Amino acid sequence: MATEKLFTVAGTATNADGTVKARFANDLVARIKILNKAGCTDINLMELPKAMTKLEALQHLQSLGQTGDAGYAVANKLAEKTKIAKKGEVKVKATKATASAKSADKVTA
(Lines give C-alpha, C1' and ligand atoms only; values in the text may rest on other atoms or scores of the structure.)
Protein backbone atom coordinates (compact mmCIF):
# COMPACT_ATOMS: atom_id res chain seq x y z
CA MET A 1 0.00 0.00 0.00
CA ALA A 2 1.34 3.42 -0.96
CA THR A 3 1.84 6.02 1.72
CA GLU A 4 -0.35 9.10 1.59
CA LYS A 5 1.19 12.37 0.45
CA LEU A 6 1.89 14.92 3.19
CA PHE A 7 1.19 18.66 2.94
CA THR A 8 2.52 21.63 4.93
CA VAL A 9 -0.03 24.21 3.68
CA ALA A 10 -3.84 23.99 3.65
CA GLY A 11 -6.80 26.31 3.38
CA THR A 12 -9.55 27.48 1.06
CA ALA A 13 -9.91 29.64 -2.03
CA THR A 14 -12.84 30.84 -4.14
CA ASN A 15 -12.61 29.87 -7.82
CA ALA A 16 -13.36 32.34 -10.62
CA ASP A 17 -16.83 30.76 -10.96
CA GLY A 18 -17.60 31.43 -7.28
CA THR A 19 -17.18 27.93 -5.85
CA VAL A 20 -15.11 27.55 -2.69
CA LYS A 21 -12.65 24.63 -2.54
CA ALA A 22 -10.25 23.22 0.02
CA ARG A 23 -6.65 23.59 -1.18
CA PHE A 24 -3.43 21.80 -0.23
CA ALA A 25 0.22 22.56 -1.02
CA ASN A 26 3.79 22.36 0.20
CA ASP A 27 4.89 25.87 -0.86
CA LEU A 28 2.69 28.71 0.38
CA VAL A 29 4.01 31.49 -1.88
CA ALA A 30 4.01 29.40 -5.05
CA ARG A 31 0.46 28.16 -4.40
CA ILE A 32 -0.85 31.68 -3.82
CA LYS A 33 0.74 32.82 -7.10
CA ILE A 34 -0.85 29.91 -8.98
CA LEU A 35 -4.29 30.57 -7.45
CA ASN A 36 -4.05 34.31 -8.26
CA LYS A 37 -3.09 33.54 -11.83
CA ALA A 38 -6.09 31.19 -12.11
CA GLY A 39 -8.41 34.01 -11.00
CA CYS A 40 -9.14 32.75 -7.50
CA THR A 41 -10.23 35.18 -4.79
CA ASP A 42 -10.57 34.99 -0.99
CA ILE A 43 -7.40 32.90 -0.76
CA ASN A 44 -7.03 31.75 2.83
CA LEU A 45 -4.03 29.40 3.10
CA MET A 46 -2.02 28.71 6.23
CA GLU A 47 1.08 26.78 7.25
CA LEU A 48 0.17 23.62 9.13
CA PRO A 49 1.87 22.87 12.49
CA LYS A 50 3.43 19.73 10.95
CA ALA A 51 3.26 17.85 7.66
CA MET A 52 -0.20 16.25 7.44
CA THR A 53 -2.30 14.12 5.14
CA LYS A 54 -5.35 15.73 3.54
CA LEU A 55 -7.61 14.11 6.13
CA GLU A 56 -5.51 15.38 9.05
CA ALA A 57 -5.23 18.85 7.48
CA LEU A 58 -9.01 19.06 7.02
CA GLN A 59 -9.56 18.01 10.65
CA HIS A 60 -7.11 20.73 11.72
CA LEU A 61 -8.86 23.38 9.60
CA GLN A 62 -12.23 22.37 11.00
CA SER A 63 -10.90 22.61 14.57
CA LEU A 64 -9.97 26.25 13.84
CA GLY A 65 -13.66 27.03 13.35
CA GLN A 66 -13.87 28.16 9.72
CA THR A 67 -17.24 29.78 8.99
CA GLY A 68 -19.36 30.55 5.95
CA ASP A 69 -18.60 29.04 2.55
CA ALA A 70 -15.04 28.17 3.60
CA GLY A 71 -16.31 26.19 6.59
CA TYR A 72 -18.83 24.40 4.38
CA ALA A 73 -16.14 23.51 1.82
CA VAL A 74 -13.87 22.12 4.55
CA ALA A 75 -16.71 20.11 6.14
CA ASN A 76 -17.75 18.71 2.75
CA LYS A 77 -14.22 17.64 1.80
CA LEU A 78 -13.69 16.19 5.30
CA ALA A 79 -16.84 14.08 4.96
CA GLU A 80 -15.65 12.87 1.55
CA LYS A 81 -12.16 11.96 2.82
CA THR A 82 -13.56 10.26 5.94
CA LYS A 83 -15.87 8.14 3.78
CA ILE A 84 -12.93 7.10 1.56
CA ALA A 85 -10.78 6.31 4.62
CA LYS A 86 -13.51 4.13 6.13
CA LYS A 87 -13.96 2.30 2.83
CA GLY A 88 -10.37 1.06 3.11
CA GLU A 89 -10.85 -0.36 6.60
CA VAL A 90 -11.24 -4.10 7.01
CA LYS A 91 -13.77 -5.38 9.50
CA VAL A 92 -12.80 -8.59 11.30
CA LYS A 93 -15.23 -10.55 13.42
CA ALA A 94 -13.58 -12.46 16.25
CA THR A 95 -15.07 -15.76 17.31
CA LYS A 96 -14.31 -17.76 20.40
CA ALA A 97 -12.39 -20.93 19.63
CA THR A 98 -13.39 -24.05 21.51
CA ALA A 99 -11.05 -26.97 21.97
CA SER A 100 -12.40 -30.49 22.19
CA ALA A 101 -10.84 -33.37 24.12
CA LYS A 102 -10.58 -35.45 20.94
CA SER A 103 -8.45 -32.86 19.15
CA ALA A 104 -6.18 -32.53 22.20
CA ASP A 105 -5.59 -36.31 22.20
CA LYS A 106 -4.58 -36.25 18.52
CA VAL A 107 -2.00 -33.54 19.15
CA THR A 108 -0.30 -35.43 22.01
CA ALA A 109 -0.27 -38.80 20.22
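Residues numbered from 1 in each chain as written. Predicted model: local features only at pLDDT ≥ 70, side-chain atom pairs only at ≥ 80, totals over all residues. Heavy atoms only, no water.

S.K.: Summarise the packing of aromatic side chains; cite the residues concerned and give the values.
M.R.: If you walk through the whole model with that rule in mind, you get 1 aromatic pair. Ring geometry for Phe 7 versus Phe 24: centroids 5.7 Å apart, planes at 45 degrees, classification tilted. Of the two residues, Phe 7 sits in strand β1 (residues 7-14) while Phe 24 sits in strand β2 (residues 20-25), which places them 17 residues apart along the sequence. (Phe/Tyr/Trp six-rings, centres within 6.5 Å; stacked < 30°, edge-to-face > 60°. Helix = DSSP H or I, 4+ residues; strand = E, 2+ residues; numbered from the N terminus.)

S.K.: Describe in detail the pairing of β2, supporting the description with residues and values.
M.R.: As judged from the 6 bridges shared by β1 and β2, these two strands associate in the antiparallel manner. Residue pairing across strands places Thr 12 opposite Ala 22, the latter belonging to β2. What sits between the antiparallel neighbours β1 and β2 is a turn of 5 residues, in which Gly 18 has the positive phi angle 95 degrees. (Pairing = 2+ DSSP bridges.)

S.K.: Can you break down the sheet that holds β1 residue by residue, with the values?
M.R.: Ordered by their spatial adjacency, 3 strands build an open sheet running β2-β1-β3, and the pairing between neighbours is antiparallel. The outermost strands of the open sheet, each flanked by one partner alone, are β2 and β3 (41-52). The sheet shows a mean angle of 20 degrees between the axes of neighbouring strands, direction not considered. Helix α1 (residues 28-37) rests against β1, β2 and β3 of the sheet, and its axis sits at about 155 degrees to β3. Against the sheet, helix α2 (residues 54-63) touches β1, β2 and β3, its axis set at about 115 degrees to β3. (Axes fitted to C-alpha atoms, helices over the stretch in contact; angles between N-to-C directions. Contact = heavy atoms within 4.5 Å.)

S.K.: Go over the side chain of Thr 53, please, and point to the residues and values.
M.R.: Within the secondary structure layout, Thr 53 lies in the loop between β3 and α2. Overall, Thr 53 belongs to the buried group, its relative accessible area being 12%. Those residues within four positions of Thr 53 in sequence are excluded, and the remaining contacts are Glu 4, Lys 5 and Leu 6. (Buried < 20%, exposed > 50% of the residue type's maximum accessible area, 1.4 Å probe, protein only.)

S.K.: Residue-level account of the confidence of the model for the protein, with values.
M.R.: For the protein, the mean per-residue pLDDT works out to 81, and 75% of the residues sit at or above 70. When pLDDT is averaged over each element of the protein, α1 comes out on top at 94 and helix α4 (residues 101-108) at the bottom at 54. (pLDDT = per-residue confidence, 0-100.)

S.K.: Account for unusual backbone geometry, naming residues and giving values.
M.R.: Here Asp 42, not a glycine, exhibits a phi torsion of approximately 45 degrees, which is positive. Mapped onto the fold, Asp 42 is located in strand β3.

S.K.: Could you give me a rundown of the pattern of salt bridges, with the residues and numbers involved?
M.R.: Tallied over the full model, the rule gives 1 salt bridge. Between Lys 77 and Glu 80 there is a salt bridge, with its nearest N and O atoms 3.4 Å apart. A residue pair is termed a helical-turn pair when its members lie 3 or 4 positions apart in one helix, as Lys 77 and Glu 80 do in helix α3 (residues 68-87) at 3 residues. In this structure Lys 77 comes out as partly exposed when scored by relative accessible area, which is 25%. (Salt bridge = Lys/Arg side-chain N within 4 Å of Asp/Glu carboxyl O.)

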